[in-house]
Amino acid sequence: MARELAALPQFLGADSRPGLKIALVALMAPALILCSCGCVGLPWVALTAALSLLPMIWAAGIINRERAANTWESLRVTPYSTRQIVLAKMAAVFYRLLPLLALLLAGQIFSLLIASTGLAFVSFSGVVSVSGSVQQAFQIPPSGIQTPVITLLGFFLAVTLFGTTLDFVTGIVLGGLASSLTGGRGAAVLGAFGLRVLLSLGQTALIFWLVGLLSDGPNILGISRLFGLGVLGGWVAAVQQPAQFAAQLALEALIILLQVAVLAVLFRLTLWRAQQL
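Everything quoted here is computed from the prediction, not taken from an experiment. (Residues numbered from 1 in each chain as written. Predicted model: local features only at pLDDT ≥ 70, side-chain atom pairs only at ≥ 80, totals over all residues. Heavy atoms only, no water.)

Q: Looking at this structure, I do not really get the overall build of the protein chain. What am I missing?
A: Within the protein chain, the regular secondary structure consists of 13 helices and zero strands. Its helices and strands taken in sequence order, the protein chain reads α-α-α-α-α-α-α-α-α-α-α-α-α from the N to the C terminus. In the protein chain, which comprises 277 residues, the proportion classed as buried is 38%. The contacts of the protein chain with a sequence gap of at least 6 include a subset with a gap of at least 24, amounting to 77%. (Helix = DSSP H or I, 4+ residues; strand = E, 2+ residues; numbered from the N terminus. Buried < 20%, exposed > 50% of the residue type's maximum accessible area, 1.4 Å probe, protein only. Contact = heavy atoms within 4.5 Å.)

Listed below in structure tokens is the structure:
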């Protein structure tokens, strides 16, 4: 891992005092989110989409660089197995990009805080405007189910942070797989990007199918999950409909299991290819 860190490009300067760098980068998230809110949220969406490519780019040279330098065979005769070598290289990429992961996770947390505050404000305004004369279609805390909203928000936060980390690691593995299949870093980046597009299309198609399978009618969370818009609002609205809420929990669990399974398959493919070189 130390050997790979020496070969990887730097991220925001040298690795001296990495904890301080991680903290400072994470503190940038609130400012970026506030600027994004002033622009209808688009800049943060565009920024996270671009930043999600960095793990693939950093990992795109971890194997083909060794092949180009004729050092891959030398690594293979060390006491370390191919699995240990590949894991060490991917771990080095993960460590080098920890500030980036901290930024993404902090952004998710701060976005959730803003969204929660906004939903509470909308609910409060609705109560004032109707003065209790009209039944509310949206209420916080929700009625008709015993799950506290704070528990729902905690669950949503845990799922979101886990999904962000999982996507981050998947990008690294995609870069490593493309690196084992190509002879140059540029080709590996393009290959990893193509694999990412194929995975995204496959996930979108699967969500379409699962939404139709698990729901008799319109699935608020499924649609919002599909397009990445208003997901928290979908959860809070769905919690007032216990039958649909159960289906939406199943949908989210299936998506997470699918992502974990895809990650495991991608890593096994990378390991298999590395063993063939």
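Q: Is there a simple way to think about the environment of Trp72 in this case?
A: Summarising the element assignment, Trp72 is placed in helix H6 (residues 72-76). Using a relative accessible area of 1% as the deciding quantity, one classes Trp72 as buried. In the structure, Trp72 is positioned 202 residues away from Ala274 in sequence and 9.4 Å away in space, judged by C-alpha atoms. Apart from residues no more than four positions distant in its own chain, Trp72 is found in contact with Glu66, Arg67, Thr82, Ile85, Val86, Lys89, Ala274 and Leu277.

Q: I'm lost on the packing of aromatic side chains in this one. Help?
A: Aromatic ring pairs are described here by two measures, namely the spacing of the ring centres and the angle between the planes. The full count for this structure, using the stated rule, is two aromatic pairs. Where Phe11 meets Trp58, the ring centres are 5.8 Å apart and the plane angle is 80 degrees; that geometry is what we call edge-to-face. In this pair, Phe11 sits in the loop between helix H1 (2-7) and helix H2 (18-37) while Trp58 sits in helix H4 (residues 54-59), placing the two residues 47 residues apart along the sequence. A single burial state applies to Phe11 and to Trp58, both of which are buried. Centroid distance Phe94 to Phe168: 5.8 Å. Interplanar angle 80 degrees. Geometry classified as edge-to-face. Note that Phe94 is positioned in helix H7 (residues 82-96) and Phe168 in helix H9 (residues 149-181), a separation of 74 residues in sequence. Taking relative accessible area as the criterion, Phe168 reaches 3% and is therefore assigned buried. (Phe/Tyr/Trp six-rings, centres within 6.5 Å; stacked < 30°, edge-to-face > 60°.)

Q: What is the right way to look at the nonpolar core in this model?
A: Nonpolar side chains in soluble globular proteins tend to end up buried together. If you look at the biggest cluster of nonpolar residues, it comprises 41 residues, and the most contacted ones within it are Trp58, Met90, Val93, Leu97, Leu100 and Phe168. Counting residues per element, the ones that place at least two in this core are H2, H4, H6, H7, helix H8 (98-130), H9, helix H10 (185-214) and helix H13 (242-276). Here the element with the most residues in this core is H9; it accounts for seven residues. The contact partners of Val93, leaving out residues within four places of it in the chain, are Leu8, Pro55, Trp58, Ala59, Ile62 and Ile172. (Core = buried A, V, L, I, M, F, W, Y, C linked by side-chain atoms within 4.5 Å.)

Q: Honestly, the pattern of salt bridges in this entry has me stumped. Any pointers?
A: Think of it this way: side chains of opposite charge can pair up when their charged atoms draw near. By the definition in use, this model includes five salt bridges. Close ionic contact of Lys89 with Glu66 constitutes a salt bridge, the shortest N to O distance being 2.7 Å. Linking Lys89 in helix H7 with Glu66 in helix H5 (residues 64-68), this pair joins segments that are 23 residues apart in sequence. For Glu66, a relative accessible area of 4% puts it in the buried group. The closest approach of N and O atoms between Arg196 and Asp167, which form a salt bridge, is 2.9 Å. Of this pair, Arg196 sits in helix H10 while Asp167 sits in helix H9, and the two are 29 residues apart along the sequence. For Arg196, a relative accessible area of 14% gives the class buried. (Salt bridge = Lys/Arg side-chain N within 4 Å of Asp/Glu carboxyl O.)

Q: Help me out: how do you make sense of the confidence of the model for the protein chain in this one?
A: Parts of the model with low pLDDT should not have their predicted coordinates read in detail. Per-chain confidence: the protein chain averages 76 in pLDDT, with 68% of residues scoring 70 or above. Least confident of the elements in the protein chain is helix H11 (residues 220-227), whose mean pLDDT is 47; most confident is H7, at 94. Segment residues 217-221 is flagged for pLDDT under 50; beyond a separation of four residues in sequence, or across chains, it makes 13 contacts in the model. Under a pLDDT of 50 for its full length, residues 223-230 has, in the predicted model, 13 contacts with residues more than four places off or in other chains. (pLDDT = per-residue confidence, 0-100.)

Q: Mind showing me how you'd approach unusual backbone geometry here?
A: Note: most residues except glycine have negative phi, and most peptide bonds are trans. One non-glycine residue, Asn70, adopts positive backbone phi at about 60 degrees. By the element assignment, Asn70 lies in the loop between H5 and H6.

Q: Mind showing me how you'd approach H7 here?
A: Since one α-helical turn is 3.6 residues long, residues separated by three or four positions face the same way. Between its terminal C-alpha atoms H7 stretches 21 Å, which fits the 21 Å expected from 15 residues at 1.5 Å a residue. What H7 keeps buried is the set Thr82, Ile85, Val86, Lys89, Met90, Ala92, Val93 and Arg96. All buried residues of H7 lie within an arc of 150 degrees about the axis, which places them on one face of the element. (Expected span 1.5 Å × (residues − 1). Arc of directions from axis to C-beta.)

Q: Where do I start with a nonpolar patch on the surface in this structure?
A: Together, Phe193, Val197, Leu198 and Leu201 make up a nonpolar patch on the protein surface, roughly 400 Å² of accessible area in all. Owing to a relative accessible area of 56%, Leu201 belongs among the exposed residues under this scheme. (Patch = residues over 30% accessible without salt bridge, like charges linked within 9 Å, V, L, I, M, F, W, Y side chains within 5 Å. Areas by Shrake-Rupley, 256 points an atom, 1.4 Å probe, with all protein chains shown as cover.)

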